[in-house]
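Chains, contacts and geometry: an overview
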Amino acid sequence: MARSYNISKLAVQTAYERVKANKGAPGTDDITLQEFEKELEKNLYKLWNRMTSGTYFPPAVKKVGIPKADGKIRELGIPTVGDRIAQMVVKIYLEPIIDPIFHEDSYGYRPNKSALQAVEKARTRCWKYDWVIDIDIKGFFDNIDHELMMHAVKKQTQEPWILLYVQRWLEAPAQESNGNITERKSGTPQGGVISPLLANLFLHYVFDTWISEKHSQNPFERYADDIVIHCKTEEEAVRLKEAIKIRFQRCKLELHPDKTKIVYCKDANRNGNSQHKKFDFLGYTFKPRTSRNRYGKLFTNFTPAISDKKKKKVREEIKAWLKEIKSNNSLKDFARMINPVVTGWINYYGKFIPSELRGTMLGSWEELGACCHRGSPIVMFD
C-alpha cells in the first residue's frame with residue numbers, strides 16, 4: 001500500500017507506551033489494553049499502516065456519564081485503545097509546535113505546568129487586585145465550533161495528515177449507553193487524548209490572545225476552561241464581564257449566566273461590600289479567612305483552602321474505606337491501596353492552609369484508625 005504520509009513507526013511505538021502509562025477504560029470495541037497487547041506488534045503495524053496511507057478512520061467514542069458535584073452528569077467520550085494511540089501520535093507531533101505559543105498563565109494539560117501553580121498565582125494576584133471575575137463557560141467541550149477549531153489548527157500547521165485526522169476526530173460519532181450512534185456537529189469529547197490540546201488552542205485564540213491585546217491591564221489564570229480574571233474596581237469588572245460575554249458569543253460560546261460572577265476579594269484592608277465574596281478554583285475556595293501575622297495578631301486574609309465540595313468528597317472516600325477494611329484480610333494490602341490517595345490529598349489540598357484538610361479528615365480518620373491495630377502502615381496526617 002502506498003505511503004501518503006511520513007509517520008514513523010517509532011512515533012507509533014512511543015504513543016503506545018504513553019497510552020499504556022495512562023491506562024484507561026476500553027472504548028466501543030470493549031478491547032482492553034491487556035487484550036490489545038496480546039497481538040501488540042500486529043495491532044501497532046496495522047495502525048501505522050492505516051495512518052500513513054490516509055485510510056485510518058476513528059471509531060465512535062463511547063459516551064460515559066460521570067456524576068458531578070452539583071448532581072449533574074458530565075459526559076465523557078472514551079476512544080478505543082487503538083484510537084487513543086493514534087491520537088497520541090498526532091499529539092507527539094503537534095504539541096511541540098503549539099505549546100510554545102501558549103500564554104504563560106495558561107496552566108492546564110501542559111508540560112511543566114500545574115494546577116497548584118495556577119492556584120498560587122491566583123492567590124498572589126487576589127492580594128493585589130480587589131475584584132475577580134469567576135468565568136464559567138457553558139458546556140465548553142461540547143460546544144467548540146469545528147470550523148473555528150480547524151482554523152486555529154491551520155494557523156499552527158499545514159501538515160496534511162495532522163489536519164486530516166484532527167478533522168476526523170472532531171467529526172467522529174458517539175455511541176450512547178443504549179448502543180445508538182449519534183453524529184457530532186460540534187465539540188471535542190472530554191476523554192480524548194487530543195482534546196485537551198485542541199481545547200487549549202481554541203481558548204488561546206478565543207480568550208488568551210484577545211484579553212492580552214484588548215485588556216492587558218487585567219491578568220488572569222486559566223486551567224483549560226476554568227478561568228479567573230483580576231480587576232482593580234467593580235466598574236472595571238462589570239465592563240470586562242460584558243466584553244467577554246460578547247467575545248464568546250462571537251466565537252459561538254456562552255458564559256453560564258448563574259455560575260459566572262464578580263467576586264470582591266475582601267480582607268483586612270478592604271472594607272467594601274458585594275453579593276459575592278468567595279469563588280472556587282481548581283478544588284480550592286478563595287474567601288476571607290482569619291489569619292495570624294508574624295507578630296501573632298489576627299487579621300482577615302483573602303486566601304484559598306480546600307473547597308467544601310472537595311471536603312465532602314474526601315469524607316465520602318474515607319467512609320467507603322471503612323467498609324473495605326472490615327472485609328479486607330490484609331491490612332498491608334489495604335494500606336498500599338490508600339496511601340497513594342492520602343499522599344495525593346496532602347500534596348494537593350494541603351498546599352494552602354493544610355489545617356482545613358486536616359480538620360476534614362480528622363473525624364473520619366479516627367473512625368478508620370479505630371479499625372486498624374497500632375503499627376499499621378497507613379499514612380497519618382502530621
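Note: the structure precedes this text.
Residues numbered from 1 in each chain as written. Predicted model: local features only at pLDDT ≥ 70, side-chain atom pairs only at ≥ 80, totals over all residues. Heavy atoms only, no water.

Remarks on the overall build of the protein chain
Scanning the protein chain from N- to C-terminus turns up 13 helices and eleven strands. Over its C-alpha atoms, taken along the principal directions, the protein chain stretches across nearly 75 × 60 × 35 Å. Within the protein chain, the fraction of its 382 residues that count as buried is 46%. (Helix = DSSP H or I, 4+ residues; strand = E, 2+ residues; numbered from the N terminus. Buried < 20%, exposed > 50% of the residue type's maximum accessible area, 1.4 Å probe, protein only.)

Details of the pattern of salt bridges
Going through the model one piece at a time under the given rule, you end up with 17 salt bridges. We note a salt bridge from lysine 62 to aspartate 30, for which the minimum N-O separation is 3.7 Å. A residue pair is termed long-range when its members are at least 10 positions apart, and lysine 62 in strand S1 (residues 61-67) and aspartate 30 in the loop between helix H1 (9-22) and helix H2 (33-37) qualify at 32 residues. Lysine 62 sits in the partly exposed class, given a relative accessible area of 25%. (Salt bridge = Lys/Arg side-chain N within 4 Å of Asp/Glu carboxyl O.)

Examining the side chain of aspartate 145
The topology assignment puts aspartate 145 in the loop between helix H6 (140-143) and helix H7 (146-154). With relative accessibility at 14%, the residue aspartate 145 sits in the buried group. Reaching out from aspartate 145, the side chain makes a polar contact with the side chain of lysine 252 at a distance of 3.4 Å. For aspartate 145, the contacting residues outside a window of four places in its chain are Phe202 and Lys252. (Polar contact = N/O pair within 3.5 Å; in protein donor to acceptor, adjacent residues only side chain to side chain. Contact = heavy atoms within 4.5 Å.)

Description of empty space enclosed by the protein
Under the definition given, this model contains one cavity of 30 Å³ or more. The wall of the largest cavity is formed by 16 residues, among which Val61, Gln87, Trp169, Arg184 and Pro189 lie closest to the centre. Residue assignment for the lining of the largest cavity shows that the elements contributing at least two residues are helix H4 (81-98), helix H8 (160-171) and helix H9 (195-214). By residue class, the composition of the lining of the largest cavity is ten nonpolar, four polar and two charged. (1 Å grid on protein atoms, 1.4 Å probe; cavity = no way out; pocket = protein on both sides within 12 Å on 5 of 7 lines; lining within 4 Å. Points joined across faces, edges and corners; volume = space filled by probe spheres on them. Nonpolar A, V, L, I, M, F, W, Y, C, P; charged D, E, K, R; others polar.)

Some thoughts on the nonpolar core
In terms of nonpolar packing, the biggest core is built from 64 residues, with Met51, Ile85, Val90 and Ile229 touching the most fellow members. Counting residues per element, this core draws most heavily on H9, which supplies ten residues. When residues no more than four places from it in sequence are discounted, the contact partners of valine 90 are Met51, Trp161, Ile162, Tyr165, Val166, Trp169 and Ile194. In this structure, Val132, Tyr223, Tyr284 and Trp345 belong to the second largest nonpolar core, which totals 32 residues. (Core = buried A, V, L, I, M, F, W, Y, C linked by side-chain atoms within 4.5 Å.)

So, the packing of aromatic side chains
In this structure the tally under the stated criterion is 17 aromatic pairs. Both rings, one in tyrosine 45 and one in tryptophan 48, keep their centres 5.6 Å apart while their planes meet at 45°; by these two values the pair is tilted. Of the two residues, tyrosine 45 and tryptophan 48 both sit in helix H3 (residues 40-53), three residues apart, roughly one turn of that helix. Here tyrosine 45 falls in the partly exposed class, since its relative accessible area comes to 43%. Here tryptophan 48 falls in the buried class, since its relative accessible area comes to 12%. Measuring from centroid to centroid gives 4.7 Å for phenylalanine 279 and phenylalanine 286, while their planes differ by 5°, and the two rings are stacked. Given a relative accessible area of 1%, phenylalanine 279 falls into the buried group. For phenylalanine 286, a relative accessible area of 0% gives the class buried. Grouped by ring-pair contacts, the aromatic residues Tyr284, Tyr348, Tyr349 and Phe352 constitute a single cluster. A cation sits over an aromatic face here: arginine 168 above phenylalanine 57, 3.7 Å from the ring centre. (Phe/Tyr/Trp six-rings, centres within 6.5 Å; stacked < 30°, edge-to-face > 60°. Lys NZ or Arg CZ within 6 Å of the ring centre and 35° of its normal.)

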